[in-house]
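The primary structure of each chain is shown beneath.
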Amino acid sequence: MKKILLLGSGELGKEFVISAKRLGCHVIACDSYEGAPAMQVADESCVFSMLDEQALRDAISKYQPDLIVPEIEAIRTEVLLDVEEQGFEVIPSARAANLTMNRDRIRDVAAGLDVRTAKFSYAESVEDLMAHAKSIGFPVVIKPVMSSSGKGQSVAKSESDIQASWDYACQGMRGDRKKVIVEEFINFEFEITLLTIRQRNGKTIFCEPIGHVQERGDYQYSWQPQQMNPESLKAAQEMAAKVTADLGGAGIFGVEFFVTKDEVIFSELSPRPHDTGMVTLISQNLSEFDLHARAILGLPIPSIECIEGASAVILATKEGRNPTYLGVEDALGDKGIDVRIFGKPTSRPHRRMAVALASGPDALARARAAAAKISVH
Ligand SMILES: Nc1ncnc2c1ncn2[C@@H]1O[C@H](COP(=O)(O)OP(=O)(O)OP(=O)(O)O)[C@@H](O)[C@H]1O
Ligand SMILES: [Mg+2]
């Protein structure tokens, strides 16, 4: 039985724990607060901040895990690099966790591999930002190099927006580096997540592309398969294979691309299950969490089958404790609908609390209709 130390215990972690436990693993779920979703289904739990170097070292040395599985970005990844040297195994690799924690590092890797990205530059002051924005050409997207879920991200349409974008980025920054990435605004037709699986004993394989729509930096709904022309899909798969090969290790990666009329552009990547990939809980024979578990355990993945499916998020609207969910009965009355309620102990405006899933024809419209029936109180 493999012992897994899960770093981050949100809704993605929870589904991963269920998949790993079905395959006989023992899981210790870690997060900075008690009662986090994955802790509710794991064998043991441990509460500490994953940005706290000593606490992270102590947890690894206490539990002596066979596999360390990061679920979030905000981890003191230097510790992972260090313990990997000592013989612990980090999924997919300590280098992957370290490089993807910062947008600039993973972007530099992609650019170094000649993967097409939006034109970009870095800025460490508002003057710098103005100069780079002018040379890229407005509108530009500005993002702190360390942040997630769209925090601190904005679009500057002209020179007069630059100061506000800089201030907003500084407020949304994690960590101690005052640094932003400024990039060309891509007027994409649609964007996709290409779930890419690196196997221990097999070739790199892909799920059908997942289409999604984002608001305030968080995904609102996703569907699979996203139709796209075979050449664009092939181009995306080649880029995903190239970048994930460079990062190494085994496991699933969520590789994000923008798709325009004539181009596929690499955006970013998560070396772990992706939130937009929750759709695979209903659209695939093996969900992204099952695939991650199989890949990291070295188990075979003979085939991934996909049917039409969609997911739509259910957000809280206010602060509260031990929330209740109204409308679940109504939502589940429709054929082909399922829900996952994450069991988060507290709510706050826009916090993702649950997801509605639909399979079959018109899955997207039906998932959204189901999500609209459910409210958090
Ligand atoms: N250069 C760009 N041009 C157009 N839209 C963009 C650009 N960069 C980001 N976006 C939009 O903003 C969304 C969030 O951006 P990105 O994925 O870089 O940030 P994030 O904070 O890491 O989000 P998450 O961690 O939730 O995936 C993208 O999915 C896309 O919709
Ligand atoms: Mg993203």
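Treat the numbers as computed from the prediction; the structure is a model and nothing was measured. Think of each chain on its own: its residues are numbered from 1, step by step along the sequence as written. Chains and ligands are labelled by the order in which they are written, letters from A for the one and numbers from 1 for the other. Totals for whole chains, interfaces and linings use all residues, but because this is a predicted model, local features are given only for residues with pLDDT of at least 70 and pairs of side-chain atoms are given and counted only at 80 or more. Values reported for side chains reflect all heavy atoms of the structure, with hydrogen atoms and water molecules removed beforehand.

Caption draft 1: Broad picture of the overall build of the chain. Elements are defined by DSSP. Helices are runs of H or I of four residues or more, strands are runs of E of two residues or more, and each kind is numbered from the N terminus. Helices and strands together make up the secondary structure of the chain, namely 12 helices and 22 strands. For the radius of gyration, the atoms used are the C-alpha atoms, and the globule rule reads 2.2 Å times the number of residues raised to 0.38. For a compact globule of 377 residues, the expected C-alpha radius of gyration is about 21 Å, and the chain comes in at 20 Å, within 12% of that figure. Here the C-alpha coordinates of the chain stretch approximately 55 × 50 × 45 Å along the principal axes. A simple rule labels every residue: compare its accessible area, found with a 1.4 Å probe on the protein chains alone, to the largest value its type can have, and call it buried under 20%, exposed over 50%, or partly exposed in between. Of all 377 residues assigned to the chain, the portion counted as buried reaches 56%.

Caption draft 2: Local environment of the environment of Asp-114. Relative to the helices and strands, Asp-114 resides in the loop between α5 (103–112) and β6 (120–123). Judged by relative accessible area, Asp-114 falls into the exposed class, the value being 69%. Once the C-alpha coordinates of Asp-114 and Gly-360 are considered, the two residues, 246 residues apart in sequence, prove to be 39 Å apart.

Caption draft 3: Region of interest: empty space enclosed by the protein. Both site types are read off a 1 Å grid over the protein atoms alone. A 1.4 Å probe that fits but cannot get out defines a cavity, while an open set with protein on both sides within 12 Å along at least five of seven lines defines a pocket; lining residues have an atom within 4 Å of a point. Grid points are joined across faces, edges and corners, and a volume is the space filled by probe spheres set on the points. Applying the stated criterion across every chain yields a total of 2 cavities of 30 Å³ or more. Of the voids in this model, the largest cavity is the one considered here, and its volume is about 60 Å³. In terms of lining residues, the largest cavity is bounded by Glu-73, Thr-100, Met-101, Asn-102, Arg-103, Ile-106, Ser-147, Glu-268 and Leu-269. For the lining of the largest cavity, the elements supplying multiple residues, two or more each, are α5 and β15 (264–270). In the scheme used here, Gly and all other residues not listed as nonpolar or charged are polar, with Ala, Val, Leu, Ile, Met, Phe, Trp, Tyr, Cys and Pro taken as nonpolar and Asp, Glu, Lys and Arg as charged. Across the lining of the largest cavity, the residue classes break down as 3 nonpolar, 3 polar and 3 charged. Taken as a whole, the second largest cavity spans an internal volume of roughly 40 Å³. Listed by contribution, the elements that provide at least two residues to the lining of the second largest cavity are α1 (11–22) and β4 (67–70). The leading source of residues in the lining of the second largest cavity is α1, at 3 residues. Residue classes in the lining of the second largest cavity are distributed as 6 nonpolar, 2 polar and 1 charged.

Caption draft 4: Spotlight on the pairing of strand β21 (residues 352–359). β21 sits mainly inside the fold: 8 of its 8 residues count as buried. Paired strands, in this sense, are two strands between which DSSP finds at least two bridges. Two elements, strand β16 (residues 309–315) and β21, share 7 bridges in a ladder whose sense is antiparallel. Residue pairing for β21: Leu-315 is matched across the bridge by Arg-352. Summarising the sheet, strand β19 (residues 337–341) and β21 pair through 5 bridges and their orientation is antiparallel. By the bridge assignment for β21, Ile-337 is matched with Ala-358.

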